[in-house]
Structures are given as C-alpha cells and as structure tokens.
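Given next are the chains, with one letter for each unit.
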Amino acid sequence: MVVKRLERFPEFTSIEYEVNEPKDGKWGMELSDGTWDGMIAELINGTHDLAASVFAVNVERRKVLDFTSGVFQDQSVIVVKDPGEESKALLYLKPYRWPVWIGIVAAGFIVGPIQWAFARITPFYDKAFRDKHRNKELFDVRCCWWQLYGVFLSQGTYLLPTSQSGRCVLAFWFLFCIVVVATYTGNLISFLAVRTVDLKFRNMAEMVEQTDMQWGTITSTALVMLFKNSKLDLYKKVWAGMENSDSLFQDYDDAVNKVKTGLD
C-alpha cells in the first residue's frame, strides 16, 4: 500500500526518488548504547531522506523522528500453529464441564436414598401397608436408584409412590432430568456441527502462564520496544519469555516459518 502511494508522487511533483530496503533489514529500535538500528538509523545518519512503510509510532521514535499523520491503522495479534481438531473420542462429554457431570452423578446417588427414606419414614406407609403395597421395590434403596436411572434415560418408571412426599421428590427429579437432557442434547449438536480447536491459550495473560509453547516477535519493532521498556507486569513477563528463549526473528517469513516448525 505504501509503495503504491509513492508511485503516485510523479502526478504531484517532479521529485525523483529511489526505493531501498534498510541494509540490516530491520525497522528500527533503540539500542543499549543510545544508538538506533534499521530504518531509523539510516534516517538519522542521512543515508535516506524518508522512510515509507507500515511504521508504528511510539514515544521513543518521536524523540528522533518526525512522523506524518497516520494513513493506516493496524492491530497486532498472536499467531499459533493450527493444532488440528480435537479428538472426538470423548466428544459426548464436552457439552458439560467436569463439575457439572460430578454434580449430576452425585444428585442421582443423593436423591435415591432420599426417595427411599421418605418411603420408609413417612407415616403414610405403616408396616401393614408396606407389606401389602403393590410396589414393594419402593422400600429397597437399590430399586430407588434404578428408578431414577430409568427416568434419567427417559424410560419412565412403574414405581410410582402414593405418598405426597415421594411424589414431590419424583416430580422434581423428572423436571431435573428434562432440563439436563434438553440442555445436553442442544450443546452436543452444536459441538458436532462446529469445528473445535484445542488452544493452549486465548489471550496474552494465559500465554505467559503456560509452559508448553514459546513465543516471539520480529526484532527491532515497536512491539519489542513496548515489551522491553514497559512497566506493566504482563509485558515484562512477555519480554522475559522472548529474551530467555532468544525468540526475536529477522522478518515476517522467518517468524511464520518458526510458527509452522516450532521454536528451537
């Protein structure tokens, strides 16, 4: 885009120009001794008269250069190698997180004894009535568990309690199962329809906390200056990770190649 703008210069002026790349192939960053490298150094030394590029503006660069008004705005993103699709072996467990699954299983184990306790303790069922009741399985805790399991699988149950307390427990369990199964079915369909990717992190804060992947950026850029000179703890951690792993690349091609093949 910048080169195309330069190509239109002859329409407005008779100035002749020659386009060159910086000898070291860098954008320009302040070094520890106070000097600069890249395009900025060549402007300061008079090697070139102007630099036209997708050039980030920051405080340090403004101290030694004059910038025109911005003609293009861009944003920086984190690029990672495509990890591929997640395994579908345990896809049926994805609609709910592990705490939810644990809660569902725990509910089944808890409600079963509650149903049995109401059948055994409530005055509605006296001993003579229990002996003659057609659904004696209600007074066996194991049968109560199987009853709840059948309801959860939408198979219904023939063990219908006649006491109000037992009916209330069973009614709430029916409602619970309807909500859980309906939500599970809807989420499972979405997981099957949408491609899911297993990312190690989703933002910069999560990136610096994980240890499976290294990170880096192109050397002598505004991002390097930002991370190196920043007082923010997050940016300090980002710079420490790049500095310790020597993950500063010469150009975009080198960076993309490292992302595809992995950092050494």
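Before reading on, note that the structure itself is shown above.
S.K.: Help me understand the pattern of salt bridges, please; the structure alone is not making it clear to me.
M.R.: Proximity of charged atoms lets side chains of opposite charge pair with each other. One pass over the structure, following the stated rule, counts two salt bridges. Note that Asp37 and Lys26 form a salt bridge whose closest N and O atoms lie 3.9 Å from each other. You can see Asp37 sitting in the loop between helix H1 (2–7) and helix H2 (38–44) and its partner Lys26 sitting in the loop between H1 and H2, a full eleven residues away along the chain. Here Lys26 falls in the partly exposed class, since its relative accessible area comes to 23%. For Lys237, the salt bridge goes to Glu209, with nearest N and O atoms at 3.4 Å. With Lys237 in helix H10 (residues 233–245) and Glu209 in helix H8 (residues 204–209), this residue pair connects regions lying 28 residues apart in the sequence. According to the relative accessible area criterion, Glu209 is exposed, its value standing at 54%.

S.K.: Please explain the packing of aromatic side chains as it appears in this structure.
M.R.: Aromatic ring pairs are reported here in terms of the distance separating the ring centres and the angle at which the planes meet. Considering all chains together, one arrives at five aromatic pairs under this definition. Taking 5.5 Å as the distance between ring centres and 75 degrees as the angle between the ring planes, the aromatic pair formed by Tyr96 and Trp101 counts as edge-to-face. Both residues of the pair, Tyr96 and Trp101, belong to the buried class. Seen from their ring centres, Tyr96 and Tyr184 are 6.0 Å apart, and the 40 degrees between their planes marks the pair as tilted. Within this pair, whereas Tyr96 is found in the loop between helix H3 (59–62) and helix H4 (98–121), its partner Tyr184 is found in helix H7 (residues 164–193), the two being separated by 88 residues in sequence. Tyr184 matches Tyr96 in its accessibility class, with the two residues each being buried. Aromatic ring contacts, followed pair by pair, group Tyr96, Trp101 and Tyr184 into a single cluster.

S.K.: Any chance you could explain the side chain of Glu42 here in plain terms?
M.R.: Tracing the sequence through the fold places Glu42 in helix H2. One buried charge, Glu42, has no salt-bridge partner; the nearest side chain with opposite charge is Lys23, at 6.1 Å. Polar contacts involving the side chain of Glu42 include one to the side chain of His48, which spans 2.8 Å. What Glu42 contacts, discounting residues up to four positions off in sequence, is Pro22, Lys23, Thr47 and His48.

Reading the values: the criteria
Residues numbered from 1 in each chain as written. Predicted model: local features only at pLDDT ≥ 70, side-chain atom pairs only at ≥ 80, totals over all residues. Heavy atoms only, no water. Salt bridge = Lys/Arg side-chain N within 4 Å of Asp/Glu carboxyl O. Helix = DSSP H or I, 4+ residues; strand = E, 2+ residues; numbered from the N terminus. Buried < 20%, exposed > 50% of the residue type's maximum accessible area, 1.4 Å probe, protein only. Phe/Tyr/Trp six-rings, centres within 6.5 Å; stacked < 30°, edge-to-face > 60°. Lys, Arg positive; Asp, Glu negative; His and termini not counted. Polar contact = N/O pair within 3.5 Å; in protein donor to acceptor, adjacent residues only side chain to side chain. Contact = heavy atoms within 4.5 Å.

Function cannot be read off these values alone, since they describe shape.
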